[in-house]
Each structure stands twice: as C-alpha cells, then as structure tokens.
Amino acid sequence: MEALFLAGASIQPLFALHHPPAPDTPDAPAAPRGAVLYLHPFAEEMNKVRRMAALQARALAAAGYAVLQLDLRGCGDSGAEFEDASWAGWLDDALFAARWLQQRYPAAPLWLWGARAGCLLAAELAGRIDGPAPNLLCWAPVTSGRPHLQQFLRIKLAGALLDGGGAAAAGGLADMKRTLDDGGMVDVAGYRLPAALARGLDNAKLTVPARPGRIAWLDVSSRAEPSLAPAAERWLAECRTAGHQVASEIVAGPAFWQTLEIEEAPALIDATVALLERAPVEA
C-alpha cells in the first residue's frame, strides 16, 4: 500500500491510498484485472465505512485489482475544509483521480466504486470518463440525494430536541434550507455544510450511465429474506434496458455506515470480489 497526495493546477492536494495488484501468483495474474477508484460516503458515514473500505481494498488488491482510495477535498486527510467543498469540486477531484488510475494502468478496465452517496458521484462521473465505458461497483447506494441531505440535516434537529429545544426544532429544517438557499452555511454534527455542496447533493440522482458497461450492486441486510428496495429494482431494470450487464446481491450483515460502533460485514467483502471476478455476460 502506498500513501500519496494527488495535486493539479485546479485541484487541492488529495490524499489517497494506492493498493497495487498483488504480484503474479496462480490466483492473481501480474496484469491487473481492473483499476478501482473508491468514492466514499457523505459526512460521518465516510468514517463509519472507512474500516470496511480498507478491508475491501486489500481484498481486491490480493485478487489482482489495483485500488485507489480517495479522500475528496475537505474530507479525511485531503486539502481544504469541508466548508470549502462543492459537488462540482468533488466531481473534478474524482475525475482527476480516475485519470491518474487510467494513466497508471492503461490496459485495465476501470471500476468506479461508490459507497452510499459515493454512488451518486460514481454514476455522474461515468459520463465524464474518456476511453472505454467504466464499470460501476455500488455499495448500499443512495438513489436520490434530496432525502439523504434531509436525513443529514435532521441530525441537528434531533440534537435540539434532546437539549430541550423543541420550539427551535419545530421550524428548524425550513430555517436550515432557507440559510442554504441564501448561500449560507449550516453547522451539523461538527460539519460546516456549505450551500454549494448542499445544492449539489440535493439535486443528485443515481443516473443510468449512457455508455453500457458492467454494474455490480451490493447491499447488506439482517433480515431472514432480504430483497431489493423498489427504487433499486427500477434503477437496475433501467440499466438492463440501456444495455448494461447487471449483477446484484444482498448479503447478511449490519448497516455498518450507521451503527454506533465500527462494524464489519465479511460476507460483503467476499461477495464484492466474486461479483467483479464473474465473467461478463455475452451479449
């Protein structure tokens, strides 16, 4: 594993972890099976998922994939502050990192691996990638940014209620939206959320990439008989109609992006490697 900073003329220094593919063995050829760019979740979910992302990156590298774990601007160890971030800036960061991977591994199929809201970025980024169509690896995807943003803003309302500020919480969501609409910032759970980032997330949708590729959708559930949500079923059906080769799986495990303690879902790691290694379906 290699820790490095990526930087460009209009790009703040971006911290990344590069996991090169394992050396030539019977199970992992010398030529990488793919180059994988990891796009993390939004706000605190990034920290909750970090352990699982690290375990998955190592597992993919051991299976012969090159992986780049990226901290977007204002997040983790990258340059700038969270209040300096914007959705458009995050897309620029992700594109810069994707091109770094393409230059490092020009013959390897590119996978855009998003976790939660990172899937929104990955799907939008797919349309900006030069060369062959990238593939998408989606972990517990957020299909629409608006409810995800509202859920984040409600964290502040919950805190106000716990502190006995029921009156303040009553109109709190509308007040926060008004502040953001006016170009201001809102403090939520230690994050200074800027209007440019909130606006981008609010408008983000899990779009179907225009160029057909492979799509791997994975989720976890603690239910005995789990099933995909209707929104997920509709999106995957649209992807199939558009010519994408789609595979989906739900494995047993906790919703580790929202648990109080850092949790692991080993079955998700194994299923992710298996789906990427599965031979594409012939058209």
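Before reading further, recall that the structure is shown in the block above.
Residues numbered from 1 in each chain as written. Predicted model: local features only at pLDDT ≥ 70, side-chain atom pairs only at ≥ 80, totals over all residues. Heavy atoms only, no water.

## Comments concerning the environment of Ala195
Test applied: Counting from the N terminus, the helices are the DSSP runs of H or I reaching at least four residues and the strands are the DSSP runs of E reaching at least two. Burial classes: relative accessible area under 20% of the type maximum marks a residue as buried, over 50% as exposed, and values in between as partly exposed (1.4 Å probe, protein chains only).
By secondary structure assignment, the location of Ala195 is in helix α7 (residues 195-203). Given the relative accessible area of 7%, Ala195 is considered buried. Along the chain, Ala195 and Trp87 lie 108 residues apart, while their C-alpha atoms are 9.9 Å from each other.

## Here we look at the packing of aromatic side chains
Keep this limit in mind: Pairing of aromatic rings covers Phe, Tyr and the six-membered ring of Trp, with a centre-to-centre limit of 6.5 Å; geometry is then stacked below 30 degrees between planes, edge-to-face above 60, and tilted otherwise.
Tallied over the entire structure, the rule returns 13 aromatic pairs. Pairing Tyr38 with Trp113 gives two aromatic rings, centres 4.5 Å apart and planes at 55 degrees, and the pair type is tilted. Separated by 75 residues along the polypeptide, Tyr38 in strand β3 (residues 34-39) and Trp113 in strand β5 (residues 110-115) bring together distant segments of the chain. A relative accessible area of 4% places Tyr38 in the buried class. Given a relative accessible area of 0%, Trp113 falls into the buried group. Centroid distance Phe42 to Trp90: 6.3 Å. Interplanar angle 65 degrees. Geometry classified as edge-to-face. One end of the pair, Phe42, is in the loop between β3 and α1 (44-62); the other, Trp90, is in helix α2 (residues 87-104), with 48 residues separating them in the sequence. Residue class for Phe42 comes out buried when judged on its relative accessible area of 4%.

## Things to note about the pairing of strand β9 (residues 214-221)
Sheet faces and side chains relate simply in a regular strand, where the side chains alternate between the two faces. Just so we agree on the cut-off: DSSP bridges decide pairing: two strands pair if at least two such bridges lie between them.
The buried fraction of β9 amounts to 7 of the 8 residues, a majority that puts the element mostly inside the structure. Judged from the 4 bridges that link them, strand β6 (residues 135-139) and β9 form a sheet pairing that is parallel. Across the sheet, residue Cys138 finds its bridge partner in β9, namely Trp217. Bridge analysis of β9 against strand β10 (residues 245-252) gives 8 bridges, and the strand direction is parallel. Considered in β10, the bridge of Leu218 is made with Glu249.

## Some words on the nonpolar core
Rule in force here: To qualify as a nonpolar core, a set must consist of buried Ala, Val, Leu, Ile, Met, Phe, Trp, Tyr and Cys residues joined through side-chain atoms within 4.5 Å.
In this structure, Leu37, Phe42, Trp90 and Leu193 are the most contacted members of the largest nonpolar core, which totals 67 residues. Broken down by element, the residue count for this core peaks at 9 residues, all from α2. With 31 residues, the next largest nonpolar core counts Val49, Leu60, Tyr65 and Ala140 among its residues.

## Thoughts on unusual backbone geometry
We note that Arg116 has phi near 55 degrees; this positive angle belongs to a residue other than glycine. For Arg116, the location among the structural elements is in the loop between β5 and α3 (118-126).

## Some words on the environment of Ala122
Selection rule: Only heavy atoms matter for contacts: two residues are in contact if any of them lie within 4.5 Å across the pair.
Summarising the element assignment, Ala122 is placed in helix α3. Put simply, Ala122 and Leu137 are 15 residues apart on the chain and 8.6 Å apart in space, counted from C-alpha to C-alpha. The residues touching Ala122, leaving out its near neighbours within four places in the chain, are Leu39, Leu112, Gly114 and Leu136.

## Remarks on the sheet that holds strand β2 (residues 11-19)
Let me state the cut-off plainly: Every angle, taken between N-to-C directions, lies between 0 and 180 degrees, and every axis is a line fitted to C-alpha atoms, over only the stretch in contact when it is a helix.
Here 8 strands make up an open sheet; going across it, the order is β1-β2-β4-β3-β5-β6-β9-β10 and the pairing mixed. At either margin of the open sheet sits one strand with a lone partner, and together these are β1 (2-8) and β10. Each strand of the sheet is rotated relative to its neighbour by a mean of 20 degrees, with strand direction disregarded. Lying over the sheet, α1 contacts β2, β3, β4 (65-70), β5 and β6, oriented at roughly 160 degrees with respect to β4. Contacting β3, β4, β5, β6, β9 and β10, helix α9 (residues 266-277) runs over the sheet at an angle of about 165 degrees to β9.

## Considerations on the side chain of Ser78
To be explicit about the condition: Between N or O atoms, a polar contact is any pair within 3.5 Å; within protein, one atom must be a potential hydrogen donor and the other a potential acceptor, and residues adjacent in sequence are included only when both atoms are from side chains.
Tracing the chain through its elements places Ser78 in the loop between β4 and α2. Ser78 sits in the buried class, given a relative accessible area of 8%. There is a polar contact of 2.8 Å between the side chain of Ser78 and the backbone nitrogen of Phe15. Leaving out residues up to four positions away in the same chain, Ser78 has contacts with Pro13, Leu14, Phe15, Asp71, Leu72 and Arg73.

## A few points about α9
Side chains of residues three or four places apart in an α-helix project in the same direction, reflecting 3.6 residues per turn. For the record, the criterion: Here a helix's expected span is defined as the number of its residues, less one, multiplied by 1.5 Å.
Compared with an ideal rise of 1.5 Å per residue, which puts 12 residues at 16 Å, α9 spans 17 Å between its outermost C-alpha atoms and is within 8% of the ideal. Those residues of α9 not exposed but buried are Leu268, Ile269, Ala271, Thr272, Val273, Leu275 and Leu276.

## Some remarks on the packing of α2 against α3
The condition is simple: Roughly parallel means an angle under 35 degrees; roughly antiparallel, over 145; roughly perpendicular, 65 to 115; everything else is oblique. Two helices that cross are described as forming a left-handed crossing if the nearer one is turned anticlockwise from the farther one by less than a right angle, and a right-handed crossing if clockwise. When residues are sorted by character, Ala, Val, Leu, Ile, Met, Phe, Trp, Tyr, Cys and Pro go into the nonpolar class, Asp, Glu, Lys and Arg into the charged class, and all the rest, Gly among them, into the polar class.
Running from N to C, α2 and α3 cross one another at 65 degrees; their axes reach a closest spacing of 10 Å. Classed by the angle they form, the pair α2 and α3 counts as roughly perpendicular. α3 is crossed by α2, and the crossing has right-handed handedness. Residue-level inspection shows Trp87, Trp90, Leu91, Ala94 and Leu95 of α2 in contact with α3, the latter providing Leu120, Leu121, Glu124 and Leu125. Tallied by class, residues from the contact of α2 with α3 come to 8 nonpolar, no polar and 1 charged.

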